[in-house]
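# Per-entry structural report
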Amino acid sequence: MIDRRLIKNIDWYLISLLVLNSLIGVIMIYSASHYMPGSYHWRQLVFIGLGLLALFALLLVDYKVLMAFSFYFYGAVVFVLMMMLIFGQFTSKGSWIRLRYFGVQPSELAKVVLILVLARFFSEYKRNQATPSAVITSSALVGLPFVLVALQPDLGTAVSFLPLLLGSLILAGLKKKAVIAIVILGVLAGLAGWSFFLKDYQKQRLSTVVFPGRDPKGAGYHILQSKIAIGSGGLLGKGFARGSQSQLRFLPARHTDFVFSVIGEEFGFIGIFGMLLLYYLFLRRLFRSAPKSRDRAGVYIISMVSLMISFQLVINVAMVIGIFPIVGIPLPLLSYGGSSLLANFLAVGLVLNVTMRRFANI
Amino acid sequence: MEKNRIYEDLSLILRRTSRVFSVVILLLLLLIFIYWKVQILDHKKYWNLAEANRTRESVIIAPRGLIMDRNGIILADNSASFKASIIRENCPDIDHSLDEVGRLLEISPEELKSRIAKYESLPLFWPIVVKDNLELKDVSRIESRRLEFPELIVEVDPRRKYPFSSLAAHVIGYMQELTEEELKSQAFAGRTLGELVGRTGIERQYESLLVGTDGQRIEVVDSQGRRRGEVSRLEPRPGHNLKLTLDFDLQRKATELLEGREGAIIVLDALAGEVLALASFPTYDPNKFITRFSPQEWMDLINRADHPLENRAIRGLYAPGSLFKLAMAVGALNCGVITEQTSFFCAGQVNFYGRPFNCWQRGGHGTLSLADAIRYSCNVYFYNVGRRMGIDRIAEHAKLLGLGEKTGVDIPGEKEGLIPTPEWSRRVRQMDWYPGETISVSIGQGPVVVTPLQVAVYTAVIASRGRRLVPRLFKSSDSPRAQPPAMAVNNPADKIRPDLFEKVVQGMWKSVNEEGTGRGAKVSDFNVCGKTGSTQLVSREAAEKLGKKIKTHSWFTGFAPRDNPRVVVTVLVEYGGMGGATAAPLAKELFSLYKEKNDRSAAH
């Protein structure tokens, strides 16, 4: 079922960048956590291996087939998320389902499913502008898992669903008025969420983005420590595993959400610049894959994956330097975490799946 | 790309995709700019913040110098103890944290909060001592829960300890915590919160000598405040030890003798002016200042009617009564208004300026010479002497002999007393001096007041036949620069011939050894010379009118032996009755103890 010609069309450059970035992540995770029990760097290495296996397994099945089954996947994911909400206190903790050896976050995998569902929904959509019914339907498709995940509560993952919706709607074509309407609705929803849904700790996190110095040991503490780590790195950084902020544990969530601060502290502005350059190359390859799609659905898939990863990158990089609230979005590929890594590998796998099958009838 | 076209026209959505990518690139450029600003432009600021995070300075408190008696018996020691402090900067939530710490240290939250509130205006990173005198078992309990309390630090804290508690408390003084204002002042720069400072006595006088220099430790700490290593360490320099002139045995004896009374005892070395004992009663336990009073205990202490905190020896003002007659005698001889042969007749009462003045002996003493007038402490004799001298010459000689002037002893807070003059009367009382007052002053009554230490110095002047000395508590120190403050005093020997003193001394010897008023102080083979005094608080007539039993302050002052005097003893017992009955026997105990000790050391 897989042709040798298909293998020839696999984008090895993209895979190389994917693996390179992930391995840099392993090194930074080592620096940030080698003095703690848990061997996070080894585990992350295992996740990368598993991620690659999953990615190649995904390539075996034509994305059209995956899309055909996407509503079943969707139904299954929504079912699991609901069950987690209902029976959450018995089997899981927040967004995690505990398995024998490690936990799984179904909300991360929900992203991949949403990409397929949205791509399928918009694949037959050939107008130049999105109709209200299309907007409503796609919003509902994203909105349901969004609410379920936000209630877990895992605001970070829930928020990272939004670029999928936004990306697909942009491709479908939104009038300027509609964009403005979405922004206004977003603000209103944000305000409503602020007063009704956000937990206190989330409110504090948001408010201290503006005044991190006001309350050094409170919610602003993490932002401030992260800024200190990055700023004290200077041009060249303090050297690998020599950053006082991370080694002395002033930096919070060093190997997960704040791994980028460790790069900033230990490798300085040069390190930051180099890392963002690698990301740029990776994202450019992703975005530039779009023209290689043979059909509309493929373009949708590639755009959504690219935007999703870009969104996570921009938010995380903005978050650790304190210009965006700490919403718990990991740095794609670099932050420790199997589910998030797997979701991103699968997403890239979808892109590869599309580009390798660019020639029809094979 | 031409091939793609045959399937579908995707150019619109591809264009939109690349537009999205452009936005992403813009955002990345913006982020690079922000990182450039933080890492390159503001680097210095964040570097300093990271360093401040990384290191913690802590003070290693220097042990205070020891205070010893002249033979090296330690009167003020240091004991190792521990103290726990809160660093407010490290509290995530101060109220919650205080509750938890209170539970851990077994302090009520109110007490803890009031303590924190007391130092509210100090910088947040300053540790505030919340509990001290912790023992090792408390410390291990706290250390075992270290991780839960990043705001709590436990440090070694050498604490002052007075092994003999109230013994010599008024000499050594007490210590109290530095107040918030003091901590901010220049005078106490470099001192830390919770440190104690001498408030009275030797502890205050020689504070700079005793205090030592605190060391400093700069440690690398992690975000939990746990030590990760040491960057630098400056060892503390302990304070200098101090040897006092006090003699432990005499001091203890003096304290025992005063037990249950109110008063003061001073034992001086007659030649060097060294204070061998200085006791004031009632007294207090200076350890209590270290372990902290409960508010109730403190209020009780400061509101007590008998003022245990007052050092009566240097701050109690008493009329000298008959003790003053010695000054009268010396002065009168020096002025030439009498000679040792001059006699007056005492009929128990005499009239001057139209009013009667009584002698304490109702029947009178008959005709008396100077020596016998001192021996029997005859009032009438000295009324006559006073009238001949006049108030100005009385005051001049009293001051010359050390009364009504600060003695210059090296503990703070000494009072001056008062030798009245007409000039003083006009200036302070705004009234003229009555000649009758001169008569009262002649027997040490009226406005004249002195401190017991002044009396001791005055006695030493007579004993040494005219050498005025400054009493000293400082004996020696291991610091070469330490010296007691110098004070220039007039030497009476310049103005008074030594042989004049001899005549007064003869009367003092008779008073003790020939059945005079001071006979209670007689010690065989020691030739004690002394003088009693009984200070009337109300006049005898007034007391009789009121039908009250008069209780007088009871004085005795004396020296021994008669020739080559070595020791001066002054005793004051408030409301003690007659000087001969109460004070003299106490003085005797001290004279005999001194003699016994001296004989013993001479025998060795």
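Here the residue numbering is sequential within each chain, running from 1 through the sequence in written order. The lettering of chains begins at A and the numbering of ligands begins at 1, in the order of writing. Totals for whole chains, interfaces and linings use all residues, but because this is a predicted model, local features are given only for residues with pLDDT of at least 70 and pairs of side-chain atoms are given and counted only at 80 or more.

Further remarks concern the overall build of chain B. For the purposes of this entry, the term helix denotes a DSSP run of H or I that reaches at least four residues, the term strand denotes a run of E that reaches at least two, and both are numbered from the N terminus. Within chain B, the secondary structure is distributed over 24 helices and 20 strands. Whether a residue is buried, exposed or partly exposed is read from the other C-beta atoms within 10 Å of its own C-beta, which are placed from the backbone; 20 or more gives buried, 12 or fewer gives exposed, and intermediate counts give partly exposed. Each of the 604 residues in chain B was classed as buried or not, and the buried ones make up 44%. Contact between two residues is assigned whenever their backbone-derived C-beta positions fall within 7 Å. When contacts within chain B are restricted to residue pairs at least 6 apart in sequence, long-range pairs at least 24 apart make up 74% of them.

The next subject is the overall build of chain A. Counting its regular elements, chain A contains 16 helices and three strands. When the 362 residues of chain A are sorted by exposure, 51% land in the buried category. Across chain A, contacts joining residues at least 24 apart in sequence account for 74% of those joining residues at least 6 apart.

A separate point is the environment of Ala521 of chain B. Topologically, Ala521 of chain B is positioned in the loop between helix 22 (498-513) and strand 18 (529-535). Residues within four places of Ala521 of chain B in sequence aside, it is in contact with Val512, Val528, Gly530, Phe556, Gly558, Ala584, Ala587, Lys588 and Phe591 of chain B.

Residue and element names in this part refer to chain B. For every element, the axis is a line fit to its C-alpha atoms; helices are fit only across the contacting stretch, and the angle between N-to-C directions ranges from 0 to 180 degrees. Across the interface, helix 15 (residues 324-335) lies against helix 18 (residues 391-400) with an axial gap of 9 Å and an inter-helix angle of 115°. Our classification of the angle between helix 15 and helix 18 gives roughly perpendicular. Between helix 15 and helix 18 lies a crossing whose hand is right-handed. Of helix 18, the residues touching helix 15 (which contributes Ala327, Met328, Val330, Gly331, Asn334 and Cys335) are Arg393, Ile394, His397 and Ala398. Among the residues making up the contact of helix 15 with helix 18, the classes are represented as six nonpolar, three polar and one charged. Roughly parallel means an angle under 35 degrees; roughly antiparallel means over 145; roughly perpendicular covers 65 to 115; every other angle is labelled oblique. Each crossing gets its hand from how the near helix is turned against the far one by less than a right angle, where anticlockwise is left-handed and clockwise is right-handed. Put simply, Ala, Val, Leu, Ile, Met, Phe, Trp, Tyr, Cys and Pro go in the nonpolar bin, Asp, Glu, Lys and Arg in the charged bin, and everything else, Gly too, in the polar bin.

Further remarks concern the packing of helix 3 (residues 40-60) of chain A against helix 16 (residues 338-356) of chain A. Residues and elements named next belong to chain A. Across the interface, helix 3 lies against helix 16 with an axial gap of 8 Å and an inter-helix angle of 30°. Relative to helix 16, the element helix 3 lies roughly parallel. For the pair helix 3 and helix 16, the sense of crossing is right-handed. Two secondary-structure elements touch here, helix 3 through Phe47, Ile48, Leu50, Gly51, Leu52, Ala54, Leu55, Leu58 and Leu59 and helix 16 through Gly338, Leu341, Leu342, Phe345, Leu346, Val348, Gly349, Leu350, Leu352, Asn353 and Met356. Of the residues in the contact of helix 3 with helix 16, the class split is 16 nonpolar, four polar and no charged.

Before going further, it helps to examine the interface of chain A and chain B. The partner chain B presents 39 residues to the 43 residues of chain A that form the contact. Listed by contribution, the elements that provide at least two residues to the side of chain A that touches chain B are helix 9 (162-172), helix 12 (220-233), helix 13 (244-247), helix 14 (259-287) and helix 15 (296-320) of chain A. At nine residues, helix 14 of chain A tops the list of elements feeding residues into the side of chain A that touches chain B. In the side of chain A that touches chain B, the residues fall into 24 nonpolar, 13 polar and six charged.

With that settled, the discussion passes to the nonpolar core. Residue and element names in this part refer to chain B. Here a nonpolar core is just a set of buried residues of the types Ala, Val, Leu, Ile, Met, Phe, Trp, Tyr and Cys, joined wherever their C-beta atoms sit within 7 Å. Ile265, Ile266, Val267, Ala277, Ala460, Ala587 and Phe591 are the most contacted members of the largest nonpolar core, which has 128 residues in total. Looking at which element gives the most residues to this core, the answer is helix 21 (residues 452-463), with nine residues. When we break this core down by domain, the ones giving at least three residues each are domain 1 (55-172 + 213-244) and domain 2 (248-285 + 310-473 + 487-603). Those residues within four positions of Ile265 in sequence are excluded, and the remaining contacts are Ala254, Leu257, Leu258, Ala277, Ala279, Val571 and Leu586. Each domain's limits were defined by an automated method or a database of domain assignments.

Residue and element names in this part refer to chain A. Here chain A averages 84 in pLDDT, while 84% of its residues score no lower than 70. Per-element mean pLDDT across chain A ranges from 50 in strand 1 (residues 92-93) up to 95 in helix 14. The predictor reports its confidence for every residue as pLDDT, a score running from 0 up to 100. A low-confidence stretch, residues 210-217 (pLDDT under 50), is modelled with 16 contacts involving residues beyond four sequence positions or located in other chains.

Residues and elements named next belong to chain B. Read across the open sheet, the five strands follow the order 12-11-20-19-18; overall the sheet is antiparallel. What marks the edges here is a single partner per strand, and that holds for strand 12 (275-281) and strand 18. Strand-to-strand twist of the sheet, defined as the mean angle between neighbouring strand axes without regard to direction, takes the value 5°. Contacting strand 11 (263-269) and strand 12, helix 11 (residues 248-258) crosses the sheet at an angle of about 25° to strand 12. Set on the sheet, helix 24 (residues 579-603) makes contact with strand 11, strand 18, strand 19 (553-560) and strand 20 (567-573); between it and strand 19 the angle comes to about 30°. Pairing between two strands requires that DSSP report at least two bridges joining them.

Moving on, we get to the confidence of the model for chain B. All names here are of chain B. Model confidence for chain B is summarised by a mean pLDDT of 86, while 94% of its residues fall at 70 or above. The model gives residues 1-5 a pLDDT under 50, and that stretch makes three contacts with residues more than four places away or in other chains. The complex prediction reports pTM at 0.63, with the ipTM value standing at 0.90.

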